[in-house]
Protein chains: 4
Amino acid sequence: MAASSLLLPLLGCTDVAVIFADDGTLQAMLDFEAALAAAEAGLGVIPPTAAAAIAAECRVDRLDLAGFADDAARAGNLAIPLVKRLTARVAEQDREAARFVHWGATSQDAIDTGLVLQLRSALDAIEGELTRLADALAALATAHKRTMLVGRTWLQHALPITFGLKAAGWLDAVERHRQRLRALRPRLFVLQFGGAAGTLAALGERGLAVAASLAGELELGLPDLAWHTERDRFAELGAMLGLITGTLGKIARDLSLLMQTEIGEAFEPASAGRGGSSTMPHKRNPVTAAAVLAAATRAPGLVATLMAAMVQEHERGLGGWHAEWIVLPELMILTAGALTQTADVIAGLELDEARMRANLELTRGLIMAEAVTMALGAALGRLEAHHLVEAACRRAIAEHRHLRDVLADLPEIAARLDAAALDRLFDPTFYLGVAEVMIDRVLAARQLAARQP
Amino acid sequence: MAASSLLLPLLGCTDVAVIFADDGTLQAMLDFEAALAAAEAGLGVIPPTAAAAIAAECRVDRLDLAGFADDAARAGNLAIPLVKRLTARVAEQDREAARFVHWGATSQDAIDTGLVLQLRSALDAIEGELTRLADALAALATAHKRTMLVGRTWLQHALPITFGLKAAGWLDAVERHRQRLRALRPRLFVLQFGGAAGTLAALGERGLAVAASLAGELELGLPDLAWHTERDRFAELGAMLGLITGTLGKIARDLSLLMQTEIGEAFEPASAGRGGSSTMPHKRNPVTAAAVLAAATRAPGLVATLMAAMVQEHERGLGGWHAEWIVLPELMILTAGALTQTADVIAGLELDEARMRANLELTRGLIMAEAVTMALGAALGRLEAHHLVEAACRRAIAEHRHLRDVLADLPEIAARLDAAALDRLFDPTFYLGVAEVMIDRVLAARQLAARQP
Amino acid sequence: MAASSLLLPLLGCTDVAVIFADDGTLQAMLDFEAALAAAEAGLGVIPPTAAAAIAAECRVDRLDLAGFADDAARAGNLAIPLVKRLTARVAEQDREAARFVHWGATSQDAIDTGLVLQLRSALDAIEGELTRLADALAALATAHKRTMLVGRTWLQHALPITFGLKAAGWLDAVERHRQRLRALRPRLFVLQFGGAAGTLAALGERGLAVAASLAGELELGLPDLAWHTERDRFAELGAMLGLITGTLGKIARDLSLLMQTEIGEAFEPASAGRGGSSTMPHKRNPVTAAAVLAAATRAPGLVATLMAAMVQEHERGLGGWHAEWIVLPELMILTAGALTQTADVIAGLELDEARMRANLELTRGLIMAEAVTMALGAALGRLEAHHLVEAACRRAIAEHRHLRDVLADLPEIAARLDAAALDRLFDPTFYLGVAEVMIDRVLAARQLAARQP
Amino acid sequence: MAASSLLLPLLGCTDVAVIFADDGTLQAMLDFEAALAAAEAGLGVIPPTAAAAIAAECRVDRLDLAGFADDAARAGNLAIPLVKRLTARVAEQDREAARFVHWGATSQDAIDTGLVLQLRSALDAIEGELTRLADALAALATAHKRTMLVGRTWLQHALPITFGLKAAGWLDAVERHRQRLRALRPRLFVLQFGGAAGTLAALGERGLAVAASLAGELELGLPDLAWHTERDRFAELGAMLGLITGTLGKIARDLSLLMQTEIGEAFEPASAGRGGSSTMPHKRNPVTAAAVLAAATRAPGLVATLMAAMVQEHERGLGGWHAEWIVLPELMILTAGALTQTADVIAGLELDEARMRANLELTRGLIMAEAVTMALGAALGRLEAHHLVEAACRRAIAEHRHLRDVLADLPEIAARLDAAALDRLFDPTFYLGVAEVMIDRVLAARQLAARQP
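Being a predicted model, the structure only gives us computed values, none of them experimental.

1. Description of the overall build of chain A
Next up, step 1: A count of helices and strands for chain A gives 20 helices and four strands.
Next up, step 2: A globule of 453 residues ought to have a C-alpha radius of gyration of about 22 Å, yet chain A, at 30 Å, is considerably larger.
Next up, step 3: Each of the three principal axes of chain A carries a C-alpha extent, and together these read 105 × 50 × 35 Å.
Next up, step 4: A burial count over chain A gives 67% of its 453 residues as buried.
Next up, step 5: Expressed as a percentage of contacts within chain A between residues at least 6 apart in sequence, the contacts between residues at least 24 apart total 76%.
Next up, step 6: Taken as a whole, chain A presents about 13,800 Å² of accessible surface, with 53% of it coming from carbon and sulfur.
Next up, step 7: Within chain A, one finds 43 positive and 54 negative side-chain charges whose respective centroids are separated by 5 Å.

Right, dumping it as structure tokens:
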């Protein structure tokens, strides 16, 4: 609502914002009204001529919006002034038809169904971007199956991993999000239609038939009953978006850490005017990471709001419903923006593999201590190997020497291992466990999922 | 963490709290350690005797907990002091076996898998209560298909509905929650096992085989890779719990409104010492509603925390992970408590059908204005009916008379409708639309879902 | 960011939204740039002619905004493309002066200080509305010191109170908010100025003098050091706004409950097109209450976001800072809107005192049970009075009779109290304790506060 | 509520947890009851003997807690079973006195005032820790006024700063928190006393006198009226705690980044069993930082909950009030824990100044590019200096050479600057602007504040 079109490409998604702009909102409600008239005419509830007259006016560019916002403020929602204006427009053409505008419906029917239609358009876009991101991550995981990287726990060097494994971890989460969204669609994309109190009483016994036909017109599911104050569908969508931004935030956090001057292993794609500084020429600012982290910072509060808003009163909510109007679009826009930016960055990610390899040496072999202990265990006996390596580590730290060199000086070692054997012990590529198998599993699961209907 | 055992039955669930109490937490980790040793012994990774010796000590009642909390504070988690104590205990019996405690695993493997095991126990309880609630709501919806009730929008009388429709709306949401939890289980109930950096490097090439066997031992799914810093599974569970408390909050809000002194249509079950007041003998305090609304107030913030906590660093999170340890149990406990209390209230709900019916008369017929207009339209023409009823309403309000009586005085009406016809027009049971059909749809969908695997 | 101008008057405040619109944001930053140049020229840091040339271009209507949003997305903030465009404009007039645009400053200096300037304008508006609300509440509390009302606890009738006491409670909270905002101003309205890393290094030893002069130019306080990543000031403002919407939400909740069809004690002011329904002529929808409750539902999540965003990295935040740009304006706009709407409603509130009085009789005297017990205690002895009234209450409930009549039938009572005495016992105006004194205390404290500097 | 005593020293504060444990909660309410009886006896409202008899039993160790939790669940709060048990105990000693237990009070009076008393104890502890942290930070800022450090923006090297400046920034925020808490105390530490509906009706005209005396007994302020459903005081406290954890989270984030293996500039104090790993001997895990970041992750959601809970109904809240009971203690405990841990770490912080200095060289002089440009401007003219340095930077990057060396090769430079002059240009200690002045300002302001009453 704090409209900043200038910040939109940075902190949101322009395309999705268009869907939720006022015009899009009104048109989605008009689409509901036109489909309602068509459904009712098809069932003989209203005259066919009325439906045609109504449909002809259900275009946002035919509305007179003067005073609309103030009327909405007085009425408490957008549907009341919309229906009033639509009725007036229809009446200009066909006085009788005007009586049948919005026939049997309540404001919330138009508003909720309109929002569902908008959400469908926006979720199509989001799922498209999620797929693009998954594809880019899969390419990265595949290409870097064996690209050596420091595994870091507590922000400290732990053991060697591969960059592919890191990417596969991100991918694995993204694939779960795709799975969740697929499962959500049939629950979410349903008609809202219940009339003033949810009984469709104004339509007598034909309420359900109209509902079924209207759902068909809009290609929405037909719910078992109206859900004016059961808002779990919208809150669930919000939660899914929150989960997605959480994963995107994790990726952005990782990338921004890898981009640190002292680490320098990964970089957002460079382009003119992007993340640089003329007075600080060495900077490669993680501009996208910042924007994505901003989204991940904002999303949880918005999700919480949607959940808090679920506590709606009786047959029409007081405030909770109104809160959704701002929060759900906001969350869609920021998620879409974060997704697009992350997909762009992943697709163009620059990696410095030499630096990755060099950073593995920063601890002068200590990062291989566990590996060396395991390997020496076979030759020396488990317990002796442990004590020996522990002592060597202490010495390496105290003397600022490489652990390999400290070990090489030990007669127990020298007697058993020549230089080549020692080198191999300190080669991190031999201490990757089943990293590659895990990457393959993620990639295979993804292909399996793609084949499912 | 702010432990109040005295508030637990009011604002939480004692049974679920027991699952997450310290003993439960440690035992779940010990179950992981025992199963790990068994899996490794089965594959020849460690000696079978070691596995047996380890398993024998994996019981929380055999641990010495002196100084445990302080050790955990220094180490940064519970697994480090646990493994240390377990190792010492095993060493007392079998010095060699002690070397194989926690073999190839990292602290987070034990902590996360332990938590997954606890969550499974707790979610079983929650799903059981959700089913109980659904059954009670279905009974209510069935029994009150035709129990007349004021439909209220914006907290104002709108149109007649039935109590069964209201209950069916609640039920419909609860059934969606059951559906969501079923879909969540295979995603959530998976092993965590990756070793220090997620590669299972300490186990060489046998890492995956151990993982598969370990998952089998614990009856958990085997994920494609370790998910130490991909926390969408836990955040998704949190979100589902948030959705559930949202629905419970909505039910509680409705019930508390119906229990108002001025409305008096529904009451929480009475029992000694429950919601009464000796000095205010007319009170029937909605004690359970308050507790459930408290849960619905607290859950969104906890869900938001879990989502914010998803942004975890590299291969081990710094703070985000730690936040989960408190927040997820808290959310399970409060959701379970709210569920149990709601199920109890719904199962024992007292309704005052006479009062419901009487309240339908509070507007002196105005609540039937729409119905009367629709009905008179056939006789008088749509437009004339509208004007006539509108004028009659204004007069009824101004003169504090019943709309039926105002209409009866009108010659246009008197000429066409006798008293019996007029009475029928004002009978709300004839203006319920497809309410009953909708209830039946919800009940049928539920039975269909129950038949599915 | 999800810009809806149509929902703005309903769910926000148009005037405050204008302050935070893109134009306002850019102009505030330009004001910073102009003042910076002036301060630097005054101290001989840059040539006076440069300052004049820069000031001449520091007008948003002179900027070319084509491509601005995309440039901002690449740069990561609005200041970089703004300074670039400003520099180009200045260069067209005075090539040498262009070198001194933004001299010694960093992007965040302009962005933060600009935001502080916007916040000051907006907070002026908010404090004005808060005062208007306080005045209206004081008038209400004064006018209704003795207007009888049911006091309701747990949504149940408890004891008699007065409407003035309820209004005084609201007022008391509003006055605390005013006090908090006064205390906040000197902390919040300070300059941000530190240069690239907070040391003002580019200005050598004159950094502090420039800062002091710049602060003076903008009528802002001079902080002890730059606060690029210490964001407690902004988060504190957010918290204050959250507290305000919390109080407004409480007022709205109360009013919406009082407006219920069954209670009908208070009403939002009526006007054409406001909260009515042609087909449901008895409705008086609490339209403003819904909008205010929506604000109270949204604010907590936004406050939480500002607090989560406080964890900013080193000398420039990554995401946390960016999140503030959207969230803080949003929160200001919604708080201002809720305030304005509440002030309007309170100023025009319609009360039905007869209904209030009638509702006091709904429990047929039971609401006076405590009062009667206390009063009879003097005559009968405390314990006997208690037992006697308790038994009478049970009988009144069972027989649907008025407690007064039940008591009148008791010989113990009849012997001691005649009808007039009994009537007086059941007169709630004699059981208001110190309600009026409390109201007077609140009003007096308010006048005392107004007199303070 | 999810009680984990084992996690308490890591993720909370044991001392503050004790204050909020059940015993502490009950005793605080009993303190209210004893003080109430004393105040009433002093004013002749109840017999002095009754007050003495009541006071004698107001000790938690004299209560029979069997069944207490279940009674509380039925009653909806802790006060009802507490008063019942207290009354029974008193009756055993003095049947008449038992009638005067809790005289004129309502449950919420005891619960809220009891909580205020607990909060006062806990806030004393928190303010003590905040002072200890401020002292440690002041010592750090003083000691490291000139300790060179890389200033990092966007996680990239920006310009040189000093460690003292970073510490002063943290300190500045902590001092603002101390200021805020001082201002909060008189608003927060007030009596709650209003009787069943806030009018103190049961005490007739003596209500206010009793309230004043009771406030005096408990050394609390006397509010202008009861605030049963105006909860801004508690929410404000929560907000203050959220602000504090935000600042602590910022410090923890900074420290954890400085502790990274690749940076290694600062370390949490070492001790046995703390943050190390036997198999990864190079690790210095930021254990405290993780715990503090966990607090900073959890606090915002809890603050949001307190704000959402402010929307309380009429004269007694339904759910919002109940939510406070868990959330406020939780927030106090985690804030206190994070504070204590941060103060410990800051007091024992290990710095590697050599590493700090070495890291300043990582960009091979590029970090000094701005400084060099400014300095050369005097000799070469501003514009020429800019172009020359920019070109030299590009070359230094391309050729992996130090910027100083690239410049030394340039004839324009060599002609004007000898090696010593060039060295000085690249000495970061000469490019610190007013960092030291700023540190002194923060330290001076702190001393000024300490002198104020």
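2. Here's the deal with unusual backbone geometry
Glycine aside, the phi torsion of most residues is negative, and most peptide linkages are trans.
Next up, step 1: Backbone geometry places His-102 of chain A, a non-glycine residue, at a positive phi of 65 degrees.
Next up, step 2: Mapped onto the elements, His-102 of chain A comes out in the loop between helix 7 (95-98) and helix 8 (107-143).
Next up, step 3: Despite not being glycine, Leu-200 of chain D has its phi angle at roughly 55 degrees, a positive value.
Next up, step 4: In this structure, Leu-200 of chain D sits in the loop between helix 9 (163-188) and helix 10 (207-218).
Next up, step 5: Residue classification places Leu-200 of chain D among the buried positions, given a relative accessible area of 1%.

3. Here we look at helix 3 (residues 22-42) of chain D
Residue and element names in this part refer to chain D.
Next up, step 1: For helix 3, which comprises 21 residues, the first-to-last C-alpha distance of 30 Å matches the rise-based estimate of 30 Å (1.5 Å per residue) to within 8%.
Next up, step 2: Among the 21 residues of helix 3, 15 are classified as buried, and the element is accordingly described as predominantly covered.
Next up, step 3: Looking at the residues trailing helix 3, positive phi occurs at Gly-44, about 75 degrees.

4. Section: the domain arrangement of chain A
Next up, step 1: On domain assignment, one finds that chain A holds domain 1 (8-357) and domain 2 (366-425).
Next up, step 2: Centre-to-centre separation of domain 1 of chain A and domain 2 of chain A, based on C-alpha positions: 56 Å.

5. Notes on the relation of the copies chain A and chain B
Next up, step 1: Once chain A has been moved 0.0 Å along the axis and rotated by 180 degrees, it coincides with chain B to within an RMSD of 0.1 Å. The superposition of one copy onto the other is thereby described by a two-fold rotation axis. For chain A, the residue whose C-alpha comes nearest the rotation axis is Ala-304 of chain A, separated from it by 2.7 Å.

6. Regarding the interface of chain B and chain D
Next up, step 1: The interface is formed by 55 residues belonging to chain B together with 55 residues belonging to chain D.
Next up, step 2: For the pair chain B and chain D, the summed buried surface comes to about 4,700 Å²; carbon and sulfur atoms form 72% of the total.
Next up, step 3: At the level of elements, helix 1 (8-11), helix 3 (22-42), helix 5 (68-75), helix 12 (287-308) and helix 13 (320-347) of chain B are the ones that each hand at least two residues to the side of chain B that touches chain D.
Next up, step 4: When grouped by side-chain class, the residues that make up the side of chain B that touches chain D number 35 nonpolar, 14 polar and six charged.

7. Comments concerning the pattern of salt bridges
Next up, step 1: If you walk through the whole model with that rule in mind, you get 148 salt bridges over all chains.
Next up, step 2: Arg-185 of chain A is the salt-bridge partner of Asp-124 of chain A, the closest N and O atoms lying 2.7 Å from each other. Linking Asp-124 of chain A in helix 8 with Arg-185 of chain A in helix 9 (residues 163-188), this pair joins segments that are 61 residues apart in sequence.
Next up, step 3: Shared partners join several salt bridges into a network, and the residues in it are Asp-172, Arg-176 and Arg-180 of chain A together with Arg-187, Asp-232 and Glu-236 of chain B.

8. Let's talk about the packing of aromatic side chains
Next up, step 1: For the structure on display, the rule yields 20 aromatic pairs over all chains.
Next up, step 2: The aromatic ring of Trp-227 of chain B is capped on one face by Arg-233 of chain B, whose charged end is 5.2 Å from the ring centroid.

9. Side note on the relation of the copies chain B and chain D
Next up, step 1: In screw terms, the move from chain B to chain D is a rotation of 180 degrees and a rise of 0.0 Å along the axis, fitting with an RMSD of 0.1 Å.
Next up, step 2: Residue by residue, 100% of the interface of chain B is reproduced at the interface of chain D, so both copies engage with the same surface.

10. A closer look at helix 10 of chain D
Given 3.6 residues per turn, any residue in an α-helix points the same way as the ones three and four places further on.
Next up, step 1: Across its twelve residues, helix 10 of chain D extends 17 Å between first and last C-alpha, which sits within 8% of the 16 Å expected from 1.5 Å per residue.
Next up, step 2: The set of residues buried in helix 10 of chain D consists of Gly-207, Leu-208, Val-210, Ala-211, Leu-214, Ala-215 and Leu-218 of chain D. Within helix 10 of chain D, the buried residues cover an arc of 155 degrees as seen down the axis, which keeps them to one side.
Next up, step 3: Packing partners of the buried residues in helix 10 of chain D comprise helix 20 (435-451) of chain C together with helix 3 and helix 8 (107-143) of chain D.
Next up, step 4: Glu-219 of chain D lies just past helix 10 of chain D and shows a positive phi near 55 degrees.

11. Looking at the interface of chain A and chain B
Next up, step 1: The interface of chain A with chain B comprises 92 residues on the first partner and 93 residues on the second.
Next up, step 2: Interface area for chain A against chain B, summed over the two sides, is near 8,200 Å², with a carbon-plus-sulfur share of 65%.
Next up, step 3: Residue Lys-166 of chain A pairs with Glu-315 of chain B through a salt bridge whose shortest N-O separation is 3.2 Å.
Next up, step 4: Along the contact surface separating chain A from chain B lie 30 residue pairs in polar contact (both at pLDDT 80 or more).
Next up, step 5: Among the elements that take part in the side of chain A that touches chain B, helix 11 (residues 232-258) of chain A stands out by supplying 16 residues, more than any other.
Next up, step 6: Looking at side-chain class alone, the side of chain A that touches chain B contains 50 nonpolar, 20 polar and 22 charged residues.

12. Observations regarding the confidence of the model for chain A
Next up, step 1: Across chain A, pLDDT averages 95, with 99% of residues at or above 70.
Next up, step 2: Among the scores for the predicted complex, ipTM is 0.97 and pTM is 0.98.

13. Considering the packing of helix 12 (residues 287-308) of chain A against helix 13 (residues 320-347) of chain C
Packed helix pairs are specified by the crossing angle of their axes together with the interaxial distance, meaning the distance between the axes.
Next up, step 1: Where helix 12 of chain A meets helix 13 of chain C, the axes come as close as 8 Å, and the angle between the chain directions of the two elements is 50 degrees. The angle between helix 12 of chain A and helix 13 of chain C places the two elements in the oblique class. Judged by the twist between their axes, the crossing of helix 12 of chain A over helix 13 of chain C is right-handed. Along the contact surface, helix 12 of chain A presents Ala-290, Ala-294, Thr-297 and Arg-298 of chain A, while helix 13 of chain C presents His-322, Ala-323, Ile-326 and Val-327 of chain C.
Next up, step 2: Residue composition of the contact of helix 12 of chain A with helix 13 of chain C, grouped by class: five nonpolar, two polar and one charged.

14. Focus on the environment of Leu-306 of chain B
Residues and elements named next belong to chain B.
Next up, step 1: Along the polypeptide, Leu-306 turns up in helix 12.
Next up, step 2: Sequence spacing of Leu-306 and Glu-324 is 18 residues, and the spatial spacing of their C-alpha atoms is 6.4 Å.
Next up, step 3: Once residues lying within four places of it in the same chain are set aside, the contact partners of Leu-306 are Phe-234, Ala-235, Gly-238, Glu-324, Val-327, Leu-328 and Leu-331.

15. Digging into the pairing of strand 2 (residues 156-162) of chain C
All names here are of chain C.
Next up, step 1: With seven of seven residues buried, strand 2 lies mostly within the body of the structure.
Next up, step 2: Bridge count between strand 1 (residues 148-153) and strand 2: five bridges; the pairing is antiparallel. Residue pairing for strand 2: Met-148 is matched across the bridge by Thr-162.
Next up, step 3: The hairpin formed by strand 1 and strand 2 contains two residues between the paired strands, and Trp-154 there has a positive phi angle of roughly 55 degrees.

16. Points about the side chain of Asp-22 of chain D
Next up, step 1: Residue position: Asp-22 of chain D is located in helix 3.
Next up, step 2: Despite being buried, Asp-22 of chain D has no salt bridge partner; Arg-85 of chain D is the closest side chain of opposite charge, sitting 12 Å away.
Next up, step 3: A polar contact of 2.9 Å, which involves the side chain of Asp-22 of chain D, links it to the backbone nitrogen of Ser-5 of chain B.
Next up, step 4: From its side chain, Asp-22 of chain D meets the backbone nitrogen of Leu-6 of chain B in a polar contact 3.0 Å long.

17. Some remarks on the packing of helix 8 of chain D against helix 20 (residues 435-451) of chain D
Residues and elements named next belong to chain D.
Next up, step 1: One can describe the packing of helix 8 onto helix 20 by two numbers: an axis separation of 10 Å at closest approach and a directional angle of 145 degrees. Relative to helix 20, helix 8 is oriented so that their crossing is left-handed. Contact residues: Ala-134, Asp-135, Ala-138, Ala-141 and Thr-142 in helix 8; Ile-439, Leu-443 and Arg-446 in helix 20.
Next up, step 2: When the residues that make up the contact of helix 8 with helix 20 are grouped by side-chain class, the tally is five nonpolar, one polar and two charged.

18. Things to note about the side chain of Glu-127 of chain A
Next up, step 1: Examined against the element boundaries, Glu-127 of chain A turns out to sit in helix 8.
Next up, step 2: If sequence neighbours within four positions are ignored, Glu-127 of chain A has contacts with Leu-181, Arg-182 and Arg-185 of chain A.

19. Some details on the environment of Arg-253 of chain C
Next up, step 1: By the element assignment, Arg-253 of chain C lies in helix 11 (residues 232-258).
Next up, step 2: You can call Arg-253 of chain C buried: its relative accessible area is 11%.
Next up, step 3: Taking the C-alpha atoms as reference, Arg-253 of chain C lies 53 Å from Glu-40 of chain C; in sequence the two are 213 residues apart.
Next up, step 4: Ignoring sequence-local partners within four residues, the contact set of Arg-253 of chain C consists of Arg-253 of chain B, Leu-293 of chain C together with Val-311 and Glu-313 of chain D.

20. Points about the environment of Val-389 of chain B
Next up, step 1: Here Val-389 of chain B shows up in helix 16 (residues 382-399).
Next up, step 2: With 64 residues separating them along the chain, Val-389 of chain B and Trp-325 of chain B place their C-alpha atoms 63 Å apart.

Cut-offs applied
- Residues numbered from 1 in each chain as written.
- Chains lettered and ligands numbered in written order.
- Predicted model: local features only at pLDDT ≥ 70, side-chain atom pairs only at ≥ 80, totals over all residues.
- Heavy atoms only, no water.
- Helix = DSSP H or I, 4+ residues; strand = E, 2+ residues; numbered from the N terminus.
- Rg over C-alpha atoms; globule rule 2.2 N^0.38 Å.
- Buried < 20%, exposed > 50% of the residue type's maximum accessible area, 1.4 Å probe, protein only.
- Contact = heavy atoms within 4.5 Å.
- Areas by Shrake-Rupley, 256 points an atom, 1.4 Å probe, with all protein chains shown as cover.
- Lys, Arg positive; Asp, Glu negative; His and termini not counted.
- Charge placed at Lys NZ, Arg CZ, Asp CG, Glu CD.
- Expected span 1.5 Å × (residues − 1).
- Domains from an automatic or database assignment.
- Least-squares fit on C-alpha atoms with pLDDT ≥ 70 in both.
- Buried area = accessible area lost by both parts, 1.4 Å probe.
- Nonpolar A, V, L, I, M, F, W, Y, C, P; charged D, E, K, R; others polar.
- Salt bridge = Lys/Arg side-chain N within 4 Å of Asp/Glu carboxyl O.
- Phe/Tyr/Trp six-rings, centres within 6.5 Å; stacked < 30°, edge-to-face > 60°.
- Lys NZ or Arg CZ within 6 Å of the ring centre and 35° of its normal.
- Arc of directions from axis to C-beta.
- Polar contact = N/O pair within 3.5 Å; in protein donor to acceptor, adjacent residues only side chain to side chain.
- pLDDT = per-residue confidence, 0-100.
- Axes fitted to C-alpha atoms, helices over the stretch in contact; angles between N-to-C directions.
- Parallel < 35°, antiparallel > 145°, perpendicular 65-115°, else oblique.
- Left-handed = near helix turned anticlockwise from the far one by under 90°.
- Pairing = 2+ DSSP bridges.

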